[in-house]
Amino acid sequence: MSTATARAHANIALVKYWGKRDAARNLPAAGSLSLTLGALETVTTVRFDPKLAADELVLNGAAAPGLRVTGFLDLVRAIAGTTTRAAVETVNRFPTASGLASSASGFAALALAATRAAGVTLDARALSRLARQGSGSAARSIFAGFARVVAGDDDAWAEAVDDPRGLAARARMVIAEVGGGAPKLHGSRDAMEHCAATSPLYRGWLECVPRDLAIAEDAIARGDLAALGELAEANALAMHAAAIASRPAIVYWQPATLGLLAAVRALRDGGVPAWATMDAGPHVKVLTDAAAAPRVALAMQEAGASAVTISEAGGPAEVIA
Ligand code: PMV
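Everything numeric here is computed off the predicted structure, so don't read it as measured data.

A. Quick peek at the domain arrangement of the protein. By the assigned domains, the protein splits into domain 1 (2-164) and domain 2 (169-311). On a C-alpha basis, the centroid separation for the pair domain 1 and domain 2 is 23 Å. Tallying the contact residues gives 36 residues for domain 1 and 38 residues for domain 2. Summed over both sides, the interface between domain 1 and domain 2 buries roughly 2900 Å², with carbon and sulfur atoms accounting for 71% of that surface. Summed over the three residues of domain 1 that lose the most area to domain 2, namely Leu-14, Lys-16 and Trp-18, the buried surface amounts to 32% of that side. Linking domain 1 with domain 2 are 2 salt bridges. Between Lys-16 and Asp-279 there is a salt bridge whose closest N-O contact spans 2.7 Å. Where domain 1 packs against domain 2, one counts 8 residue pairs in polar contact (both at pLDDT 80 or more). When residues of the side of domain 1 that touches domain 2 are traced back to their parent elements, those giving at least two are β1 (3-15), β4 (32-48), α3 (124-134) and β8 (146-151). At 7 residues, β4 tops the list of elements feeding residues into the side of domain 1 that touches domain 2. Across the side of domain 1 that touches domain 2, the residue classes break down as 19 nonpolar, 11 polar and 6 charged.

Structure below.
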């Protein structure tokens, strides 16, 4: 086969990946844990074509000369033992064009489509390891529901987290976008390296990750959304605290971000299950359950979100053609 199409979903980390052990191999300094989201989907087609002189990338209908894509396809070519160039067509089926992170779903879909198009079938762990080399968070998007990254000294991949109480099926993520602000100033790749190199709080951040992973996994095992949510909000704030303390500072939040965080606390004070997490941008994602999700979404709109999406947990990366 020389053409394949794959679908993968984005994921939101509940215990963040923030810091590398080895930048060249894109090895994370610690583990992480996420929920894959059905509402944020990337569909990618890869066609290996001996007539092509160079790789080509079309992203959402427009040519996008992509160095990161060629570097990634070189990894796939090395696995498959080929030098043939590829045409890649990728579409982010995201609810809005707000700059919600797409590298996780993007590299997960690319890893699966490109290996299949090259005639190689990898198991989930090997696929996850490959996706990680495109983007650390992409390792997790190979899996449905909750996924954890296992970070060894010399390797890292993701795997599904056992969810015996079906917590992922009950959970919802309300994605509250903060628009109209400055474009994203610091890509996560450079920002986490800058944080590791300059933030006096980076070491403290890394120290809390193993403990937070254990708490999150215990909460999932018990089906305890409140324990998972509390942990996720605390972990995100610790990551942002380390980033903010970088010199110069990395501040992803805008005024509206703080308004949304306050609204999440107010919901909780009123007995609504809602816990916030934030990534390398101003948006706020709120972990909640199916019954409370519409109320949380409304509260986010009223608190100034420019767009709000309710997502269920998403499925694994899949070949669809
Ligand atoms: O996968 P990357 O290199 O885009 O880094 C992701 C970083 C965060 O989104 C902030 C945290 C995470 O674990 O997804």
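Past the structure itself, the notes keep going.
B. Layout of unusual backbone geometry. At the junction of Arg-247 and Pro-248, the peptide bond is cis and its omega measures out at -5 degrees in the coordinates. The backbone phi angle of Asn-26 is positive, close to 50 degrees, even though this residue is not glycine. Judged by relative accessible area, Asn-26 falls into the buried class, the value being 2%. Notably, Asn-60 is not glycine yet its phi reads approximately 50 degrees, a positive angle. Examined against the element boundaries, Asn-60 turns out to sit in the loop between β5 (56-59) and β6 (62-63).

C. The arrangement of the side chain of His-283 in detail. By the element assignment, His-283 lies in the loop between β11 (275-277) and β12 (284-289). Separated by 3.0 Å, the side chain of His-283 and the backbone nitrogen of Val-178 make a polar contact. Beyond its immediate chain neighbours, meaning those up to four positions away, His-283 contacts Ser-98, Gly-99, Leu-100, Ala-176, Glu-177, Val-178, Thr-277 and Met-278.

D. Quick peek at the nonpolar core. In terms of nonpolar packing, the biggest core is built from 45 residues, with Trp-18, Leu-33, Leu-35, Phe-146 and Leu-228 touching the most fellow members. Secondary-structure elements contributing two or more residues to this core are β1, β4, α4 (167-170), β10 (171-177), α5 (188-198), α6 (202-222) and α7 (225-244). Counting only domains with at least three residues in this core, you end up with domain 1 (2-164) and domain 2 (169-311). Those residues in contact with Phe-146 that sit more than four places away from it in its chain are Leu-14, Leu-33, Ser-34, Leu-35, Glu-159, Ala-160, Val-161, Asp-163, Leu-167, Ala-168, Ile-220 and Leu-228. Judged by nonpolar contacts, the second largest core, of 35 residues, contains Ala-6, Phe-48, Phe-72 and Val-88.

E. Summary view of the site of the ligand. In the neighbourhood of the ligand, 13 residues make up the surrounding shell, with Tyr-17, Ser-135, Ser-137, Arg-140 and Ser-188 lying closest. At 3.4 Å, a side-chain N or O of Ser-103 approaches an oxygen atom of the ligand. Within the side chain of Asp-279, an N or O atom sits 3.3 Å from an oxygen atom of the ligand. Taken by itself the ligand offers 380 Å² of open surface, and the protein chains cover 92% of this. Partitioning the shell around the ligand into residue classes produces 5 nonpolar, 5 polar and 3 charged. Built from parts of two domains, the shell around the ligand gets at least three residues from each of domain 1 (2-164) and domain 2 (169-311).

F. Fine view of the pattern of salt bridges. Applying the stated criterion across every chain, the model contains 21 salt bridges. As a salt-bridge pair, Arg-77 and Asp-74 come within 2.8 Å of each other at their nearest N and O atoms. Of this pair, Arg-77 and Asp-74 both sit in helix α1 (residues 67-80), 3 residues apart, which is roughly one turn of that helix. Residue Arg-77 is classed as buried on the basis of its relative accessible area of 4%. For Asp-74, a relative accessible area of 37% translates into the label partly exposed. One network of salt bridges, in which partners are shared, links Asp-55, Asp-74, Arg-77 and Arg-85.

What counts and what doesn't
Residues numbered from 1 in each chain as written. Predicted model: local features only at pLDDT ≥ 70, side-chain atom pairs only at ≥ 80, totals over all residues. Heavy atoms only, no water. Domains from an automatic or database assignment. Contact = heavy atoms within 4.5 Å. Buried area = accessible area lost by both parts, 1.4 Å probe. Salt bridge = Lys/Arg side-chain N within 4 Å of Asp/Glu carboxyl O. Polar contact = N/O pair within 3.5 Å; in protein donor to acceptor, adjacent residues only side chain to side chain. Helix = DSSP H or I, 4+ residues; strand = E, 2+ residues; numbered from the N terminus. Nonpolar A, V, L, I, M, F, W, Y, C, P; charged D, E, K, R; others polar. Buried < 20%, exposed > 50% of the residue type's maximum accessible area, 1.4 Å probe, protein only. Core = buried A, V, L, I, M, F, W, Y, C linked by side-chain atoms within 4.5 Å. Near = heavy atom within 4 Å. Areas by Shrake-Rupley, 256 points an atom, 1.4 Å probe, with all protein chains shown as cover.

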